[in-house]
Amino acid sequence: MKKLISLAAVAAISLGQVGAVHALDLTAAVGRTGESTTTYRLGAQFDFNRSWFQTSVGRLTGYWDAGYTYWEGDESSSNHSISLAPVFVYEFNAGSVTPYLEAGIGIAAFENTEVENNDLGSSFQFEDRFGAGLRFAGGHEVGVRAIHYSNAGIKNPNDGIESYAVHYRASF
């Protein structure tokens, strides 16, 4: 638990520096794992405020995402994790509704190394994500996302786990 708190403090300090420059977005997500465990995720996002490869089709942009996930289970199998990831987003040019695709790789820390019947091997995990969604005028977004956690073979066992979720994001 001390590792989890230390990582949260470092993430908060780092994101505080970014947050002073950029607007804050908040995300709430509900998902399921492959073994039917429900996940609840709260996140804060800070846009890169940059874009690349802008064409008539769309543009590449992104954001930093810091999140907390609760992995629901019985008393012995529930878990908590925090994560930090840069996420790249390709936004398609459209009217008041903008479709997008996203992908990112970050880091995560779990409270303990077991989720369901999966032994993660270590509290430290990499977080890989792919998603798609729609952004609406006024700063709202809905989407779907698949997030995979694995320690990339740094320590065995390395069962890994995925969460498939729907999310809502609002700008503040």
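Conventions and cut-offs
- Residue numbers run consecutively from 1 along every chain, following the written order of its sequence.
- Reporting of local features is limited, given that this is a predicted model, to residues whose pLDDT is at least 70; pairs of side-chain atoms are given and counted only at 80 or more, and all residues count toward the totals for whole chains, interfaces and linings.
- Excluding hydrogens and water, the side-chain values take into account all heavy atoms of the structure.
- UniProt positions are given in the numbering used here, feature names are shortened, and annotations may be inferred rather than shown by experiment.
- Runs of H or I in DSSP of at least four residues are treated as helices and runs of E of at least two as strands, each being numbered from the N terminus.
- Only protein chains enter the accessibility calculation, which uses a 1.4 Å probe; a residue whose area is less than 20% of its type maximum is buried, one above 50% is exposed, and one in between is partly exposed.
- Throughout, a residue-residue contact means that at least one pair of heavy atoms, one from each residue, lies within 4.5 Å.
- Strand pairing follows a simple DSSP-based rule, namely that at least 2 bridges must link the two strands.
- Where helices are involved, their axes are fitted lines through C-alpha atoms of the stretch in contact, as for all axes, and angles between N-to-C directions lie from 0 to 180°.
- Within 6.5 Å between ring centres, the rings of Phe, Tyr and Trp (the latter by its six-membered ring) count as paired, and their orientation is classed by plane angle as stacked under 30 degrees, edge-to-face over 60, tilted in between.
- Criterion for a charge above a ring: Arg CZ or Lys NZ at most 6 Å from the ring centre, at most 35 degrees from the ring normal.
- Two N or O atoms form a polar contact when they lie within 3.5 Å of each other; inside protein one atom must be a possible hydrogen donor and the other a possible acceptor, and for residues adjacent in sequence the pair counts only when both atoms belong to side chains.
- Buried Ala, Val, Leu, Ile, Met, Phe, Trp, Tyr and Cys residues form a nonpolar core when they are joined through side-chain atoms within 4.5 Å.

**Student:** Which residues make up the UniProt feature "active site" (unreviewed entry) in the protein chain, and what values do they have?
**Tutor:** The feature "active site" (unreviewed entry), as annotated in UniProt, sits at His 148, Ser 150 and Glu 162 in this numbering. Relative to the assigned elements, His 148 resides in strand S9 (residues 140-150). Judged by its relative accessible area of 25%, His 148 is partly exposed. If sequence neighbours within four positions are ignored, His 148 has contacts with Phe 126, Glu 127, Asp 128, Gly 160, Ile 161 and Glu 162. Within the element layout of this structure, Ser 150 appears in strand S9.

**Student:** Lay out the UniProt feature "site: Critical for activity" (unreviewed entry) in the protein chain in plain terms, naming residues and giving numbers.
**Tutor:** Under the feature "site: Critical for activity" (unreviewed entry), the UniProt entry names Asn 151. Looking at the element boundaries, Asn 151 is found in the loop between S9 and strand S10 (161-171). Excluding residues within four positions of it along the chain, Asn 151 makes contact with Leu 120, Gly 121, Ser 122, Phe 124, Gln 125, Phe 126, Pro 157 and Asn 158.

**Student:** For the sheet that holds strand S5 (residues 97-110), give the residues involved together with the corresponding values.
**Tutor:** To summarise the sheet geometry, strands pair through backbone hydrogen bonds and adopt either a parallel or an antiparallel arrangement. Here we have eight strands rolled up into a closed barrel, ordered S1-S2-S3-S4-S5-S8-S9-S10, and antiparallel in their pairing. Sheet twist, expressed as the average angle between the axes of neighbouring strands with direction ignored, equals 25°. Of the strand pairs in this sheet, strand S8 (residues 124-136) and S9 are connected by eleven bridges, and their pairing is antiparallel. Each residue of the ladder has a partner; that of Phe 136, found in S9, is His 140.

**Student:** Summarise the packing of aromatic side chains; cite the residues concerned and give the values.
**Tutor:** Inspection of every chain in the model, using the stated rule, returns nine aromatic pairs. Seen in terms of ring centroids, Trp 52 and Phe 88 are 6.4 Å apart; in terms of plane orientation they differ by 55°. Their pairing is tilted. Taken together, the residues Trp 52 in the loop between strand S2 (38-47) and strand S3 (58-71) and Phe 88 in strand S4 (residues 79-92) connect sequence positions 36 residues apart. Plain terms: the ring middles of Trp 71 and Tyr 149 are 5.6 Å apart, the flat faces sit at 75° to each other, and that makes the pair edge-to-face. With Trp 71 in strand S3 and Tyr 149 in strand S9, this pair connects stretches of sequence that are 78 residues apart. Of the two residues, Trp 71 and Tyr 149, both sit in the buried class. Ring pairs connect the aromatic residues Phe 48, Trp 52, Trp 64 and Phe 88, which therefore count as one cluster. Over the ring of Tyr 100 we find Arg 135, and its NZ or CZ is 4.8 Å from the ring centre. Taking NZ or CZ as reference, Arg 169 lies 4.5 Å from the ring centre of Tyr 63, over its face.

**Student:** Describe the side chain of Gln 45, and please don't skip the residues or the numbers.
**Tutor:** Mapped onto the secondary structure, Gln 45 falls in strand S2. Here the side chain of Gln 45 touches Asp 65 through a polar contact of 2.6 Å, side chain to side chain. What Gln 45 contacts, discounting residues up to four positions off in sequence, is Ala 23, Leu 24, Asp 25, Leu 26, Thr 27, Tyr 63, Trp 64, Asp 65 and Arg 169.

**Student:** I'd like a rundown of the environment of Val 89, residues and numbers included.
**Tutor:** In this structure, Val 89 sits in strand S4. Of the residues examined, Val 89 reaches a relative accessible area of 0% and is grouped as buried. For the pair Val 89 and Tyr 100, spaced eleven residues apart in the sequence, the C-alpha separation amounts to 6.6 Å. Val 89 has contacts with Arg 59, Leu 60, Thr 61, Gly 62, Tyr 63, Tyr 100, Leu 101, Glu 102 and Arg 135, leaving out every residue within four places of it along the chain.

**Student:** Describe the nonpolar core, naming the residues involved and giving the relevant values.
**Tutor:** Membership of the largest hydrophobic core is limited to eight residues, which are Trp 71, Ala 108, Phe 110, Val 115, Leu 120, Ile 147, Tyr 149 and Ile 161. Mapped onto this core, the elements with two or more residues apiece are S5 and S9. Residues Tyr 63, Ala 85, Val 87 and Val 89 belong to the second largest nonpolar core, which totals five residues.

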